[in-house]
Amino acid sequence: EADIYQTPRYLVIGTGKKITLECSQTMGHDKMYWYQQDPGMELHLIHYSYGVNSTEKGDLSSESTVSRIRTEHFPLTLESARPSHTSQYLCASSEQGATGNTIYFGEGSWLTVV
Amino acid sequence: GEDVEQSLFLSVREGDSSVINCTYTDSSSTYLYWYKQEPGAGLQLLTYIFSNMDMKQDQRLTVLLNKKDKHLSLRIADTQTGDSAIYFCAEMAGNQFYFGTGTSLTVIP
């Protein structure tokens, strides 16, 4: 069972506001990820991290930024939200164990920018 | 990135078997996965298969892997209305994960 938590689950904010989406995992995983997903559509990797103080941009260009100061915490920040940022944001982490390298997802944060 | 392809939609009647198909391009894939996503939620790991296996069975789920054709399938036996969701296949290659576009499964009562 994965222990990865995202807050807020749902958020409606005005254009130009700053927002931080929180993600925490209690599994001690080194790798963490942020994906953006429009409803019923494919996942797009926007950021990932190999560990503390490591952050990388993903395949999809994003105006968001991330930080990784602690292993368990990988927040995503939008400095100035726009309607085009309306989407679901999925945080994930992965382990490398004896039975495989598995990625686990949080429940997602639904962001609506009006 | 790698290409992972899935058909977009599948409809089955309750009680029938569902087969969701996936093709991938990277022959160096080490693990292949199936995830389920219900509306408004994240992706839930259903099962995975190591690339040197042909088949894996877990209760109502059967995963078949044809490595020669780079084809992965998920069979759900006795499909129930609670199985209605989007199913994503994924591969791990070169220490990265690549996801398919998802197949929306609708179960008709």
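Please refer to the structure higher up on the page.
Here goes a summary of the coordinates provided. Values in this document were obtained by computation on a predicted structure and should not be read as measured data. (Residues numbered from 1 in each chain as written. Chains lettered and ligands numbered in written order. Predicted model: local features only at pLDDT ≥ 70, side-chain atom pairs only at ≥ 80, totals over all residues. Heavy atoms only, no water.)

**Comments concerning the overall build of chain A**
Using the following cut-off: Only DSSP runs of H or I with at least four residues qualify as helices, and only runs of E with at least two residues qualify as strands; both kinds are numbered from the N terminus onward. We take the radius of gyration over the C-alpha atoms and set the globule estimate at 2.2 Å times the residue count to the 0.38 power. Contacts are assigned to residue pairs with any non-hydrogen atoms lying within 4.5 Å of each other. Surface exposure here means Shrake-Rupley accessible area, sampled with a 1.4 Å probe, where a residue is shielded only by the protein chains that are shown.
Broken down by element type, chain A carries zero helices and eleven strands. Sequence-ordered secondary structure for chain A, helices as α and strands as β, is β-β-β-β-β-β-β-β-β-β-β. For a compact globule of 114 residues, the expected C-alpha radius of gyration is about 13 Å, and chain A comes in at 14 Å, within 12% of that figure. Taking the principal axes of its C-alpha atoms as reference, chain A extends roughly 45 × 30 × 25 Å. Long-range contacts, defined here as pairs at least 24 residues apart, represent 53% of the contacts in chain A between residues at least 6 apart. For chain A, the accessible surface area stands at approximately 5,600 Å², while carbon and sulfur atoms represent 50% of it.

**Considering the nonpolar core**
In plain terms, the rule: Buried Ala, Val, Leu, Ile, Met, Phe, Trp, Tyr and Cys residues form a nonpolar core when they are joined through side-chain atoms within 4.5 Å. Only protein chains enter the accessibility calculation, which uses a 1.4 Å probe; a residue whose area is less than 20% of its type maximum is buried, one above 50% is exposed, and one in between is partly exposed.
Formed by 21 residues in total, the largest nonpolar core has its most connected members in B:Trp34, B:Leu72, B:Leu74 and B:Tyr87. Among the elements that line this core, the one with the most residues is strand β9 (residues 85-93) of chain B, at four residues. Core analysis: the next-biggest nonpolar cluster, separate from the first, contains 20 residues, A:Leu43, B:Tyr33, B:Tyr35 and B:Leu43 among them.

**Description of the sheet that holds strand β6 (residues 55-58) of chain B**
Adjacent strands of a sheet form backbone hydrogen bonds with each other and so pair up, either parallel or antiparallel. All names here are of chain B. Heads up, the rule is: Only strands that DSSP links by at least two bridges are regarded as paired with each other. Angular values range over 0 to 180 degrees, each being the angle between N-to-C directions of two axes fitted as lines to C-alpha atoms, with helices fitted over their stretch in contact.
Ordered by their spatial adjacency, five strands build an open sheet running β1-β3-β8-β7-β6, and the pairing between neighbours is antiparallel. Two strands close off the open sheet at either side, each with one partner strand: β1 (4-6) and β6. Taking the axes of each pair of neighbouring strands and ignoring which way they run, one obtains an average angle of 15° across the sheet. Bridge analysis of β1 against strand β3 (residues 18-24) gives three bridges, and the strand direction is antiparallel.

**What to know about unusual backbone geometry**
Residue and element names in this part refer to chain A. Put simply, Thr7 and Pro8 share a cis peptide bond, and its omega is -10°. Considering the arrangement of structural elements, one finds Pro8 in the loop between β1 (4-7) and β2 (10-13). Positioned with a positive phi, Asn53 is a non-glycine residue whose angle comes to about 70°. As for its position among the elements, Asn53 is in the loop between β5 (43-49) and β6 (56-57).

**Points about the pattern of salt bridges**
Residues and elements named next belong to chain B. The line we're drawing: Throughout this description, the term salt bridge denotes a Lys or Arg side-chain nitrogen within 4 Å of a carboxyl oxygen of Asp or Glu.
Enumeration according to the criterion identifies six salt bridges over all chains in this entry. With its nearest N and O atoms 2.9 Å apart, the salt bridge here joins Arg60 to Asp83. One end of the pair, Arg60, is in the loop between β6 and β7 (61-66); the other, Asp83, is in the loop between β8 (71-76) and β9, with 23 residues separating them in the sequence. Here Arg60 falls in the partly exposed class, since its relative accessible area comes to 32%. Residue Asp83 is classed as buried on the basis of its relative accessible area of 7%. The salt bridge partner of Lys68 is Asp69, with a shortest N-O separation of 3.6 Å. On the accessibility criterion, Lys68 (75% relative accessible area) is exposed.

**As for the interface of chain A and chain B**
Rule in force here: Computed with a 1.4 Å rolling probe, the buried area is the accessible surface lost when two parts are put together, summed over both parts. Within 3.5 Å is the distance limit for a polar contact, defined as a pair of N or O atoms, with the added protein rule that one can donate a hydrogen and the other accept it, and that residues adjacent in sequence qualify only through two side-chain atoms.
Across the boundary between the two partners, chain A contributes 25 residues, which contact 19 residues of chain B. Summed over both sides, the interface between chain A and chain B buries roughly 1,700 Å², with carbon and sulfur atoms accounting for 53% of that surface. By the criterion of area lost to chain B, the three top residues of chain A are A:Asn101, A:Ile103 and A:Phe105, representing 26% of everything that side buries. Our count for the chain A to chain B interface comes out at zero salt bridges. Our count for the chain A to chain B interface comes out at five residue pairs in polar contact (both at pLDDT 80 or more). Elements represented by at least two residues in the side of chain A that touches chain B include exactly β4 (31-37), β5, β9 (87-97) and β10 (100-105) of chain A.

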